[in-house]
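For reference, the chains in residue letters:
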Amino acid sequence: MDKPFLTDIKTLRKRARQHIERGAVTPGYRADAKKVIEILNEALATEIVCVLRYKRHYFMAQGIHSQAVAAEFLEHANEEQGHADQIAARIIQLQGTPNMNPEGLTSRSHSEYKEAGTLVDMIKENLIAERIAIESYSEMARYFGEKDPTTRRMIEGILAMEEEHAEDLASLLATLDPSKG
Ligand SMILES: [Fe+2]
Ligand SMILES: [Fe+2]
């Protein structure tokens, strides 16, 4: 007899009935939910710090080249807010609580809140923050692997956008600061 690849229907139905208060987290969930929530809360803090930094830069951007750059900062700020919302929603699905407490925000965040003085420095700081996010989301995606494919796919989607952000900023930098081109 071939060993069946899937759990039989009867067992599946029985398992789904257990602990229904846990919502989307079924007995088949293979990751450590507590650890996943902890990691996602760090990602949430990172996104919130990125929103604040991009917003600050959006309002502070000045000079003749600044209109296009400011528009880019605003677009990124809104997209980082979207990431924060996605992550918070996933934390809820995993029966956790999203940590939005401003206290300790900068130490939970992977990226930094750097104000920067000039337009070029703002772009550089944002590019550095994006590169930090790219590294940490890549690590997270590898960690979630097959244990939590839903969280992994969400993180991979966000990662792809951070890569676009980094590319946008690198292009802007090349236009404004030819030495970096
Ligand atoms: Fe983001
Ligand atoms: Fe980003």
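Relevant structure appears above.
Residues numbered from 1 in each chain as written. Chains lettered and ligands numbered in written order. Predicted model: local features only at pLDDT ≥ 70, side-chain atom pairs only at ≥ 80, totals over all residues. Heavy atoms only, no water.

### Here's the deal with the overall build of the protein
Okay, step 1: Counting secondary structure elements, the protein contains 6 helices and 0 strands.
Okay, step 2: When the helices and strands of the protein are listed from N to C terminus, the series reads α-α-α-α-α-α.
Okay, step 3: The C-alpha atoms of the protein give a radius of gyration of 20 Å, which is well past the 16 Å a tight globule of 181 residues would have.
Okay, step 4: Split into buried and exposed, the 181 residues of the protein put 40% on the buried side.
Okay, step 5: Of all intrachain contacts in the protein linking residues separated by at least 6 positions in sequence, the fraction that spans at least 24 positions is 79%.
Okay, step 6: Taken as a whole, the protein presents about 10900 Å² of accessible surface, with 54% of it coming from carbon and sulfur. (Helix = DSSP H or I, 4+ residues; strand = E, 2+ residues; numbered from the N terminus. Rg over C-alpha atoms; globule rule 2.2 N^0.38 Å. Buried < 20%, exposed > 50% of the residue type's maximum accessible area, 1.4 Å probe, protein only. Contact = heavy atoms within 4.5 Å. Areas by Shrake-Rupley, 256 points an atom, 1.4 Å probe, with all protein chains shown as cover.)

### A closer look at empty space enclosed by the protein
To find leftover empty space, one rolls a probe the size of a water molecule over the atoms.
Okay, step 1: Within this structure, the stated rule accounts for 2 cavities of 30 Å³ or more.
Okay, step 2: Roughly 40 Å³ of volume is contained in the largest cavity.
Okay, step 3: What lines the largest cavity is R53, E112, K114, E125, I128, A129 and I132.
Okay, step 4: The biggest single contributor to the lining of the largest cavity is helix α5 (residues 119-144), with 4 residues.
Okay, step 5: A per-class count over the lining of the largest cavity returns 3 nonpolar, no polar and 4 charged.
Okay, step 6: When its volume is computed, the second largest cavity comes out at roughly 30 Å³.
Okay, step 7: At the level of elements, α2 (33-60) and α5 are the ones that each hand at least two residues to the lining of the second largest cavity.
Okay, step 8: When residues in the lining of the second largest cavity are grouped by element, the largest group, 4 residues, is from α5. (1 Å grid on protein atoms, 1.4 Å probe; cavity = no way out; pocket = protein on both sides within 12 Å on 5 of 7 lines; lining within 4 Å. Points joined across faces, edges and corners; volume = space filled by probe spheres on them. Nonpolar A, V, L, I, M, F, W, Y, C, P; charged D, E, K, R; others polar.)

### Observations concerning the coordination of the iron ion (ligand 2)
Okay, step 1: Distances from the iron ion (ligand 2) to its protein donors, E80 (OE), E130 (OE), E130 (OE), E162 (OE) and H165 (ND1), fall within 2.0 to 2.3 Å.
Okay, step 2: Between the two metals, the iron ion (ligand 2) and the iron ion (ligand 1), the spacing is 3.9 Å, and E80 donates to both. Here the residue E80 occupies a position in helix α3 (residues 66-93), and E162 occupies one in helix α6 (residues 149-176), the gap between them amounting to 82 residues. (Donors = N, O, S within 2.8 Å, 3.2 Å for Na, K, Ca; no water.)

### A closer look at the nonpolar core
Okay, step 1: If you look at the biggest cluster of nonpolar residues, it comprises 44 residues, and the most contacted ones within it are L40, F73, I87, Y137 and I155.
Okay, step 2: Contributing elements (two or more residues each) for this core: α2, α3, α5 and α6.
Okay, step 3: If we skip the residues at most four places from it in the chain, I87 touches L40, A43, L44, E47, Y137, M154 and I158. (Core = buried A, V, L, I, M, F, W, Y, C linked by side-chain atoms within 4.5 Å.)

### Re the environment of E72
Okay, step 1: For E72, the location among the structural elements is in helix α3.
Okay, step 2: For the pair E72 and L172, spaced 100 residues apart in the sequence, the C-alpha separation amounts to 9.3 Å.
Okay, step 3: Residues within four places of E72 in sequence aside, it is in contact with D168 and L172.

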